[in-house]
Amino acid sequence: MAGGASDTVVRTGRVSRFVIYTVLIVFCIYYLLPLYVMVVNSLKPLDEIRGGGMLSLPQTWTLAPWGSAWSTAQIGIEATGLRPYFMNSILMVVPAVAISTILGALNGYVLTKWRFRGDTIIFGLMLFGCFIPFQMVLIPMARMLGLMGLAGTVPGLIFVHLVYGIGFSTLYFRNYYAQFPTELVRAAMIDGAGFFKIFQRIMLPSSGPIAVVCIIWQFTNIWNDFLFGASFADFDSQPMTVALNNLVSSSTGVKEYNVHFAGAIMAALPTLLVYIVAGRFFVRGLMAGSVKG
Amino acid sequence: MGFLDIKNATKSYGSLQVLHETNIAVEEGEFLVLVGPSGCGKSTLLNMIAGLEEVTSGEIAIRGNRMNEVRPAERNIAMVFQSYALYPNMNVAQNIAFGLEMHGVPKPKREEAVRDVAELLQITKLLDRKPGQLSGGQRQRVAMGRALVRDPDVFLFDEPLSNLDAKLRVDMRTEIKKLHQKLGTTIVYVTHDQIEALTLSTRIAVMFGGYVQQLGTPKEIYDDPANMFVAGFMGSPSMNLFPAKIAVANGVPQAEFTLVDGKTGALPLPNPAMAEHDGRSVILGIRPEAITDLDGADRNSKAIHQVEARVEVTEPAGSDTFVVSEFGSKEITGRFRADVVVKPGDIFPFAINMDKAVLFDPETENRIR
Ligand SMILES: Nc1ncnc2c1ncn2[C@@H]1O[C@H](COP(=O)(O)OP(=O)(O)OP(=O)(O)O)[C@@H](O)[C@H]1O
Ligand SMILES: [Mg+2]
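Per an unreviewed UniProt entry, chain B goes by Carbohydrate ABC transporter ATP-binding protein, CUT1 family (TC 3.A.1.1.-) and derives from Roseibium hamelinense. According to the UniProt record, the Subcellular location (unreviewed entry) comment for chain B is "Cell inner membrane". Under Sequence similarities (unreviewed entry), UniProt gives the following word-for-word description of chain B: "Belongs to the ABC transporter superfamily."

Going by the annotation in an unreviewed UniProt entry, the name recorded for chain A is Carbohydrate ABC transporter membrane protein 2 (CUT1 family), with Roseibium hamelinense given as the source organism. If you open the UniProt record of chain A and go to Subcellular location (unreviewed entry), you find "Cell membrane". Taken directly from UniProt, the Sequence similarities (unreviewed entry) text for chain A runs: "Belongs to the binding-protein-dependent transport system permease family."

**Notes on helix H5 (residues 119-130) of chain A**
Residue and element names in this part refer to chain A. The end-to-end C-alpha separation of H5 is 17 Å, in line with the 16 Å expected for 12 residues at 1.5 Å each. Taken residue by residue, H5 has Asp119, Phe123 and Cys130 as its buried positions. Looking straight down H5, one finds that the buried residues subtend no more than 30° of arc, so they occupy a single side. H5 presents Ile121, Leu125 and Phe128 as exposed residues on the side facing more than 90 degrees away from its buried surface.

**A short note on helix H1 (residues 42-50) of chain B**
All names here are of chain B. With eight of nine residues buried, H1 lies mostly within the body of the structure. All of the buried residues in H1 are Lys42, Thr44, Leu45, Leu46, Asn47, Met48, Ile49 and Ala50. Once H1 ends, the next one or two residues include Gly51, with phi positive near 90°.

**Details of the pattern of salt bridges**
Residues and elements named next belong to chain B. Following the criterion strictly, the structure yields 22 salt bridges over all chains and no others. Here Asp171 ties to Lys167 by a salt bridge, and the two come within 3.3 Å at their closest N and O atoms. On the criterion of helical spacing, the pair formed by Asp171 and Lys167 is a turn pair, its members being four residues apart in helix H5 (residues 166-183). We classify Lys167 as exposed; its relative accessible area is 60%. In this structure, the salt-bridge partner of Asp224 is Arg369, at a minimum N-O distance of 3.1 Å. Here Arg369 lies in the segment after strand E22 (367-368) and Asp224 lies in the loop between helix H7 (218-223) and helix H8 (228-233), a separation of 145 residues in the sequence. Overall, Asp224 belongs to the partly exposed group, its relative accessible area being 31%. Judged by its relative accessible area of 56%, Arg369 falls in the exposed class.

**Let's talk about the UniProt feature "transmembrane region" (unreviewed entry) in chain A**
All names here are of chain A. Mapped onto the present numbering, the UniProt feature "transmembrane region" (unreviewed entry) falls at residues 18-39, 90-110, 122-142, 154-177, 198-219 and 259-283. When the span residues 90-110 is considered, its composition is 100% helix and 0% strand, and the gap between its end C-alpha atoms is 30 Å. Within residues 122-142, the helical portion is 86% and the strand portion 0%, while the C-alpha atoms at the span's ends are 25 Å from each other.

**Points about the domain arrangement of chain A**
Residue and element names in this part refer to chain A. Assigned domains of chain A: these are domain 1 (14-72) and domain 2 (83-287). When each unit is reduced to the centre of its C-alpha atoms, the spacing between domain 1 and domain 2 is 31 Å. Contacts between the two partners involve 17 residues from domain 1, matched on the other side by 14 residues from domain 2. Buried surface at the junction of domain 1 and domain 2, summed over both partners, amounts to about 1500 Å²; 81% is from carbon and sulfur atoms. On the domain 1 side of the contact with domain 2, Met38, Trp66 and Trp70 bury the most area, a combined 43% of that side's loss. Our count for the contact surface shared by domain 1 and domain 2 stands at zero salt bridges. Run the count over domain 1 and domain 2 and you get two residue pairs in polar contact (both at pLDDT 80 or more). Of all the elements in the fold, those that place two or more residues in the side of domain 1 that touches domain 2 are helix H1 (2-42), helix H2 (46-50) and helix H3 (64-72). By residue number, the principal contributor to the side of domain 1 that touches domain 2 is H3, which donates six residues. Classifying every residue of the side of domain 1 that touches domain 2 by side-chain character gives 11 nonpolar, four polar and two charged.

**Some remarks on the UniProt feature "domain: ABC transporter" (unreviewed entry) in chain B**
Feature annotation in UniProt places "domain: ABC transporter" (unreviewed entry) on residues 4-234 of chain B, given in this structure's numbering. Along residues 4-234 of chain B, the helical share is 37% and the strand share 26%, with 25 Å between the first and last C-alpha atoms.

**Comments concerning the sheet that holds strand E16 (residues 304-310) of chain B**
All names here are of chain B. Reading across the sheet, the three strands line up as E15-E20-E16 and stay open at both edges, with antiparallel pairing between neighbours. Every interior strand has two partners, whereas the edge strands, strand E15 (291-292) and E16, have only one. Here seven bridges tie E16 to strand E20 (residues 347-353), and the two strands are oriented antiparallel to one another. Each bridged residue has a counterpart across the sheet, and for His305 the counterpart in E20 is Ile352.

**Quick notes on the confidence of the model for chain B**
Per-residue confidence for chain B averages 92 on the pLDDT scale, and 100% of its residues sit at or above 70. With pTM at 0.82, the complex prediction returns an ipTM value of 0.83.

**Observations concerning the site of ligand 1**
Residue and element names in this part refer to chain B. The immediate surroundings of ligand 1 are formed by Tyr13, Val18, Ser38, Gly39, Cys40, Gly41, Lys42, Ser43, Thr44 and Glu159. Between Thr44 and ligand 1, the recorded distance is 2.5 Å, taken from a side-chain N or O atom to an oxygen atom. In isolation ligand 1 exposes 640 Å². Once the protein is present, 58% of that is buried. Broken down by element, the residue count for the shell around ligand 1 peaks at three residues, all from H1.

**A few points about the packing of aromatic side chains**
In total, this model carries 31 aromatic pairs over all chains according to the counting rule given. Between Phe195(A) and Phe196(A), the aromatic rings sit 4.9 Å apart at their centres with planes inclined by 85°, giving edge-to-face as the arrangement. Note on Phe196(A): relative accessible area 55%, which makes it exposed. Ring centres of Phe257(B) and Phe327(B) lie 5.0 Å apart, and the angle between their planes is 20°; this geometry places the pair in the stacked category. Linking Phe257(B) in strand E12 (residues 252-258) with Phe327(B) in strand E18 (residues 320-327), this pair joins segments that are 70 residues apart in sequence. By the burial criterion, Phe257(B) is buried, and Phe327(B) matches it. Through a chain of ring-to-ring contacts, three or more aromatic side chains come together here, namely Phe242(B), Phe257(B), Phe327(B), Phe336(B), Phe348(B) and Phe350(B). Across from the ring centre of Phe123(A), 4.4 Å away, lies the NZ or CZ of Arg174(A), which sits over that ring. For the cation-ring pair, Arg287(B) lies above Tyr222(B), with the distance from its terminal atom to the ring centre recorded as 3.8 Å.

**Some points on the packing of helix H6 (residues 134-148) of chain A against helix H7 (residues 154-178) of chain A**
Residue and element names in this part refer to chain A. Orientation of H6 relative to H7, taken along the N-to-C sense of each, is 135°, at an axis distance of 11 Å. One way to sum up the angle between H6 and H7 is to call them oblique. Every pair of crossing elements has a handedness; the one defined by H6 and H7 is right-handed. Contacts between H6 and H7 involve Phe134, Val137, Met141, Leu145 and Met148 from the first element and Gly156, Phe159, Val160, Val163 and Tyr164 from the second. Taken together, the residues of the contact of H6 with H7 sort by class into nine nonpolar, one polar and no charged.

**Topic: unusual backbone geometry**
All names here are of chain B. The omega torsion of the bond from Ser236 to Pro237 falls at -5°, within 30 degrees of zero and hence cis. Mapping Pro237 onto the fold places it in the loop between H8 and strand E11 (240-249). The phi dihedral of Asp151 falls on the positive side, at around 50°, and the residue is not glycine. Note on placement: Asp151 falls in the loop between helix H4 (136-148) and strand E7 (154-158). You will see that Glu365, though not glycine, has its phi angle at about 65°, which is positive.

What counts as what
Residues numbered from 1 in each chain as written. Chains lettered and ligands numbered in written order. Predicted model: local features only at pLDDT ≥ 70, side-chain atom pairs only at ≥ 80, totals over all residues. Heavy atoms only, no water. UniProt positions renumbered as here; feature names shortened; annotations may be inferred. Helix = DSSP H or I, 4+ residues; strand = E, 2+ residues; numbered from the N terminus. Expected span 1.5 Å × (residues − 1). Buried < 20%, exposed > 50% of the residue type's maximum accessible area, 1.4 Å probe, protein only. Arc of directions from axis to C-beta. Salt bridge = Lys/Arg side-chain N within 4 Å of Asp/Glu carboxyl O. Domains from an automatic or database assignment. Contact = heavy atoms within 4.5 Å. Buried area = accessible area lost by both parts, 1.4 Å probe. Polar contact = N/O pair within 3.5 Å; in protein donor to acceptor, adjacent residues only side chain to side chain. Nonpolar A, V, L, I, M, F, W, Y, C, P; charged D, E, K, R; others polar. Pairing = 2+ DSSP bridges. pLDDT = per-residue confidence, 0-100. Near = heavy atom within 4 Å. Areas by Shrake-Rupley, 256 points an atom, 1.4 Å probe, with all protein chains shown as cover. Phe/Tyr/Trp six-rings, centres within 6.5 Å; stacked < 30°, edge-to-face > 60°. Lys NZ or Arg CZ within 6 Å of the ring centre and 35° of its normal. Axes fitted to C-alpha atoms, helices over the stretch in contact; angles between N-to-C directions. Parallel < 35°, antiparallel > 145°, perpendicular 65-115°, else oblique. Left-handed = near helix turned anticlockwise from the far one by under 90°.

And the structure:
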């Protein structure tokens, strides 16, 4: 009896496992196919693409489209390739992510451990700021940047992303620090640590998971942003996303699809890299609040 | 003036007053325990001494210096928290040394101090571990180490043993007491456990509803409670409190009350002054150990009286047997020797030591002396 019962369990286990794996594989292919298409076509000469067969592997492998996209392709009116714009994006995203994460952590620390009159109102306003649609702030922001003398510059873009990013980073850190035992802060106060010492020695070292979440979130958003880049940047401060658009939609000459594919992969690579390096901490960080209890 | 002075201190959150005017003068080397049920304001008072909560009105002074505006770090106090509050990212040695580091003590001195404290608390082998790798009892020791290493004027403990299991709690209790005897540092200790309060303290402040109900030595608190709350809260099983009436028979005041079978029990009161309360309704309070079998009664007492009553329940507890009956339609518990043969339904003579009986006013719940 017992043996028969366990047999059935195993058999249904096998069947359902087969179904699960099939579904998973189908979805995997579904999601990976675009990436595959991009990679193989960025490694083909242009006539192979024109001759059809987007899905086939290259007959002659070539890195020429990558070289072209990086340093010689026509972007808008100049033939600079994507390189300067990639640099713009890096110069924009690194300080924007770093500063918004640090400020978010400080805000979260103050809002949970150094509470003051009206703190919930301030937090409410910041939260509200997260959900104001980008389009609504375009014109006021353009005016602001003009007044500050930052219009059309990389620091201007950093400022815009900071303003938008702090709401989210504050939200993350506040919720994380709300779980953080207040007695620890009190113990450190009695031990003689001041406001910044407590932050630096007690809070920050325990903030790894949430910092990773915050960094990934900010990095992806800021790197991928198109609207602010298109609205507030000049030719020499345009981020990667805007340049890629210019590359793809430039009207002169033939459409070099292989170069476009290579450029698109370049634009996606940094976020991909961040996910691969920090992804497992990402899930851990998202769970941390709920599991700790 | 004491070593640690709490003068007319109050605490309010908005319009809600959680601590009413409190005056306690703690002498140097004293072990003061603040005890009371949850929410009575013990932690609030302790945090006010620590400087973690502001004093709404009144004053906290240590060594005669007003502390109200002094930051916690400069009060020369150390505190052990209920959750231990060990810094999770630092190992035990760093945890213990952190306070010294923040106070600018040079590294070699810090290391020496950590070594000494670790030896005293027998945690030398744990110095390299993170708090997450320690058991509850070990964490407790580390938390104490962190307080000890500072060599403060006053130690503050907020329910330090309440997260430990029963056995460990008793062990650590003894250890804290030993430590106090060895170091002689002034301690203010918060607990809601009345046994901890009685065993550890040199003086107890029993708190309830934001008021100090009584301040005194453990013996005063136990034998001479100021009101019904203190009488009921301190002692386990708690004091028997039942309604009675004072009557004067042959010039001797006695307390009369009904027994289970409707008969009236009468117990003479040793204090002749009670005669002036003739006819007054009172609450009579007698501790379980003052209600015994005849042979178990205290031979030194001159006021042992006998009452025959029906036994309702017996609860053998190994060393003693608790016998439950009913006086004045309230359950009362007596503490009999374990080998007394008694079973429910028996009419049994109870020996009552009236030397230890106390009387309360049923309205104000205060002691009638
Ligand atoms: N920030 C606050 N705002 C309003 N009321 C508070 C605040 N902190 C504490 N209280 C109230 O003050 C009273 C005393 O709190 P306290 O923490 O001192 O109690 P306690 O005696 O330590 O209790 P426990 O044994 O549960 O720790 C409680 O009624 C509590 O609700
Ligand atoms: Mg408390």
